[in-house]
Amino acid sequence: MAITLTQSAANRVETFLANRGKGVGLRLGVKTTGCSGMAYTLEFVDELNEEDTAFESNGVKIIVDPKSLVYIDGTELDFTKEGLNEGFKFNNPNVKDECGCGESFTV
Amino acid sequence: MALLQISEPGMSAAPHQHKLAVGIDLGTTNSLVATVRSGLSSVLSDEHGHALLPSVVHYLKDGSVDVGFSAQKQQNLDPHNTILSVKRFMGRGLKDIDVSMSPYHFVETTSTEANKSTANQMVQIETRAGIKSPVEISSEILKTLKIRAEKSLGGELVGAVITVPAYFDDAQRQATKDAARLAGINVLRLLNEPTAAAVAYGLDNASEGVYVIYDLGGGTFDISILKLSKGVFEVLATNGDSALGGDDFDQRIFCWILESSKLSPRNAYDTRLLLSKAREAKEWLTEHAEANISCLLSDGEFVNLTLSTDQFITLTANLVQKTLSPTRKALRDAGLTIEEINGIVMVGGATRMPQIRKTVAEYFKQTPLTNLDPDKVVALGAAIQANVLAGNKSDADLLLLDVIPLSLGLETFGGLAEKVIHRNSTLPVARAQEFTTYKDGQTAMSIHVVQGERELVSDCRSLARFELRGIPPMVAGAARIRVTFTVDADGLLSVSARETSSNVEANITVKPSYGLSEDEITSMLKASFNSAEADKKARMLAEARVDAGAIIEAVRAALAADSALISEQEKLAIEAEIQRLSAIKETQDADEIHQAVEALNQATEAFAAARMDASISRAFAGKDLDSINL
């Protein structure tokens, strides 16, 4: 399995990285907080840790730590607009249940 | 599901705890709101894709309020209830504004719940929705921007950075804050507009430099000179012309149309039509060599003209030149030459005009920064600052703390607070003040650092205490203790005390802004305004008590040394006065204490004269007249 970015997500990430002026890629992860157990994290990466797994999708380097990978393997990250709001969306096949707003989930 | 943004490494927010913060450019003509998403600052547009919100508020017949483009359309139809350029009235009194220039019904100020902190000086406008203060009108604009931001970001805002002109005084800044509070916005900080523009260009990442911010908006021109040192911007000088802007360029084209077409003065409809055609032509000429102006007037007359760039430049040459005079003045006030300027930032839609850019480039002998949208640059910079203040960046990113929110000082004898650094001083700052000892032979001094605007230490916030020991024994008042307060760019305060003859020194470092929320600062400030009179009395009482204590101390020391010089009866009389003063000293009446001090002075007059004689005869006894150096 792997983690992938849609073309629109990849374009946005490239823009953001270029604007930021530094960073090697994008880190996807999960934290054990939130109303339904786990929450996604999305961060810029300045340096890799030894245990990290790296993927490449549409020209963007995606970095995941091994603990997070088991929960999000197979995820496709998309960039969408909803009304005036815009942002990244996790399409994660492992998810069984989400909280109302979708910010946290269980597997 | 929720939409996520990319955070800085290690700064991911917990679910439902996103620190959404925005920057707001509350402009005279237009306002904007911007935010930082995934590290990129961008302006938030409304449902129709408009980034700019005209700063126009219309009070409708049905009691509702309209803000923006729809309100702007009403300005000629319902002028009394459509408020434009309310920023010009913020924190201003009736005497500060030219009433004849505005269509509004200005009224004397009355204090209401919403404006009580600024009511004393601010003008109000009568509308069909009642009497409105500029604060209330501005808050309508801010509310509209807040709703737009919350819709765009999908959550509640933790706060906003709102920009104000660098020349705004305390009343105008306070009015802006009140407007935000009324709109339900937590103000993270007010930021000077030129500083925001400099931040948008990332100039704060350089270590130091001097920058000129050239801001030609719709109706106002502002020039600011900023000095950056250690990541903090200091405003060196500001100047400008409050009646010069892009609208004047439209007016020139309008006049040219009338002249070229040999038109008589037009009615209101034609004037509006021709002005909007003039504006279109101006904007077209930014990227094209010539503009076509054609329209059908109300009397059936057809206008069809072509305006070339060269003609446009000639028509408006003196307007462009008019911006250089305030620029020269600002440079002179800052004591700088053109060669010392490290960069020029262009702000305001009117700076898109090529002739403006060319003139500025020629004047400063360097190309101005223009790659960000000049309409948005201030809002973009405010958003970057809001993002830092909301805590979305790591601590390593420097916080732009440009002024001291509350005065810093120390406790002096009698529980009085002596201010050393006054509030609103720009950072970094260092101030020194000299103090002395109160008792003969005093060898140590306790230094109590306090923060606040009140006169008594007990009403201020205690920050730190330390002691200066090893002062050589001297008579009271002879020691010179130099206390230096230094606040660095991070808002860190260090206080050092040094006795100048012996060079003994002690110091301490404190962080004054720690733990003080904006609300606490505000309530401390309000308390200082409300209790100004009581504080003054308390200070006078404390000072009188200190005086009384000092004279009692001195007379007792004299009696102990020289009581042989006076009769027992005189001695008893003096002691009685001391007793009386000691008792009165504990009362609450400064005047009575002063009188008792005076009484003791009189009672000791003969004694003082006797002591003087005695010490002179001691000094001269057995000495040859020639050996005395007179």
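Given the structure is predicted, the values throughout are model-derived calculations rather than measurements.

Caption draft 1: Expanded view of the overall build of chain B. The helix and strand tally for chain B stands at 15 helices and 26 strands. Here chain B holds 630 residues, and the buried ones make up 39% of them. Excluding contacts between residues fewer than 6 apart, the proportion of contacts in chain B whose partners are at least 24 apart in sequence is 66%.

Caption draft 2: Region of interest: the interface of chain B and chain A. Tallying the contact residues gives 21 residues for chain B and 31 residues for chain A. Ranked by the residues each element gives to the side of chain B that touches chain A, the list is headed by helix α2 (residues 134-153) of chain B, at three residues. Its residues assigned to classes, the side of chain B that touches chain A comprises ten nonpolar, eight polar and three charged.

Caption draft 3: Region of interest: the pairing of strand β6 (residues 76-82) of chain A. Residue and element names in this part refer to chain A. Where strand β1 (residues 4-5) lies against β6, two bridges are found, and the strand directions are parallel. Residue pairing for β6: Thr4 is matched across the bridge by Glu76. As defined by bridge partners, β6 adjoins strand β7 (residues 85-91) across seven bridges and the pair is classed as antiparallel. Residue Thr80 lies in a different strand from β7, and its bridge partner there is Gly87. Between β6 and β7, which pair antiparallel in sequence order, lie two residues; one of them, Gly83, sits at a positive phi of approximately 65°.

Caption draft 4: Spatial organisation of the packing of helix α12 (residues 532-562) of chain B against helix α14 (residues 590-603) of chain B. All names here are of chain B. Contact pair α12 / α14: the axes reach a minimum separation of 9 Å and the direction vectors enclose 20°. Taken together, the axis directions place α12 and α14 in an arrangement best described as roughly parallel. The interaxial crossing formed by α12 with α14 has left-handed handedness. Here α12 contributes Met540, Leu541, Ala544, Arg545, Asp547, Ala548, Ile551 and Val555 to the contact with α14, which in turn contributes Ala590, Ile593, His594, Ala596, Val597 and Leu600. Among the residues forming the contact of α12 with α14, the class breakdown is eleven nonpolar, one polar and two charged.

Caption draft 5: Expanded view of the sheet that holds β1 of chain A. All names here are of chain A. Spatially, three strands are ordered β1-β6-β7 in an open sheet, and the strand pairing comes out mixed. The sheet terminates laterally at β1 and β7, the two strands that pair on one side only. Contacts between helix α1 (residues 7-20) and the sheet are confined to β1, β6 and β7, with β6 contributing the most and set at about 85° to the helix.

Caption draft 6: Highlighting α14 of chain B. Residues and elements named next belong to chain B. Helix length check: α14, at 14 residues, gives a terminal C-alpha distance of 20 Å against a target of 20 Å (1.5 Å per residue), a fit within 8%. All of the buried residues in α14 are Ile593, Ala596, Val597 and Leu600. Buried positions in α14, seen along its axis, are confined to an arc of 105° and lie on one side of it. Exposed residues pointing more than 90 degrees away from the buried face of α14 are listed as Asp591, Glu598 and Gln602. Lining the buried residues of α14 we find α12 and α13 (568-585).

Caption draft 7: Spatial organisation of the packing of helix α5 (residues 246-260) of chain B against helix α6 (residues 268-285) of chain B. All names here are of chain B. Closest axis-to-axis distance for the α5/α6 pair is 8 Å, and the angle between their directions is 115°. When the axes of α5 and α6 are compared, the pair comes out roughly perpendicular. Along this stretch, α5 crosses α6, giving a crossing that reads as right-handed. Taking contact as the criterion, the partners of Phe249, Asp250, Ile253, Phe254 and Ile257 in α5 are, on α6, Leu274, Leu275, Ala278, Arg279, Ala281 and Lys282. Of the residues assigned to the contact of α5 with α6, the class counts are eight nonpolar, no polar and three charged.

Conventions we followed
All residue numbers here refer to positions counted from 1 along the written sequence of the relevant chain. The order in which chains are written sets their letters, starting at A; the order in which ligands are written sets their numbers, starting at 1. Only residues with pLDDT of at least 70 get local features here, since the model is predicted, and only at 80 or more are side-chain atom pairs given and counted; chain-wide, interface and lining totals rely on the full set of residues. The numbering of helices and of strands both runs from the N terminus, where a helix is a DSSP run of H or I of at least 4 residues and a strand a run of E of at least 2. To assign burial, the other C-beta atoms lying within 10 Å of each residue's own C-beta are counted, with C-beta atoms placed from the backbone; 20 or more indicates buried, 12 or fewer indicates exposed, and intermediate counts indicate partly exposed. Two residues qualify as a contact pair if the distance between their C-beta atoms, derived from the backbone, is within 7 Å. Under the scheme applied here, ten amino acids are nonpolar (Ala, Val, Leu, Ile, Met, Phe, Trp, Tyr, Cys and Pro), four are charged (Asp, Glu, Lys and Arg), and all others, including Gly, are polar. In this analysis, strands are considered paired if DSSP registers two or more bridges between them. Note on geometry: axes are C-alpha line fits, over the in-contact stretch for helices, and angles between N-to-C directions span 0 to 180 degrees. Angular relationships are summarised with four words: roughly parallel below 35 degrees, roughly antiparallel beyond 145, roughly perpendicular across 65 to 115, and oblique for the angles in between. Each crossing gets its handedness from the near helix: less than a right angle anticlockwise from the far helix is left-handed, clockwise is right-handed. In this analysis, the expected span of each helix is defined as 1.5 Å times one less than the number of residues it contains. The directions from the helix axis to the C-beta atoms form the arc being described.

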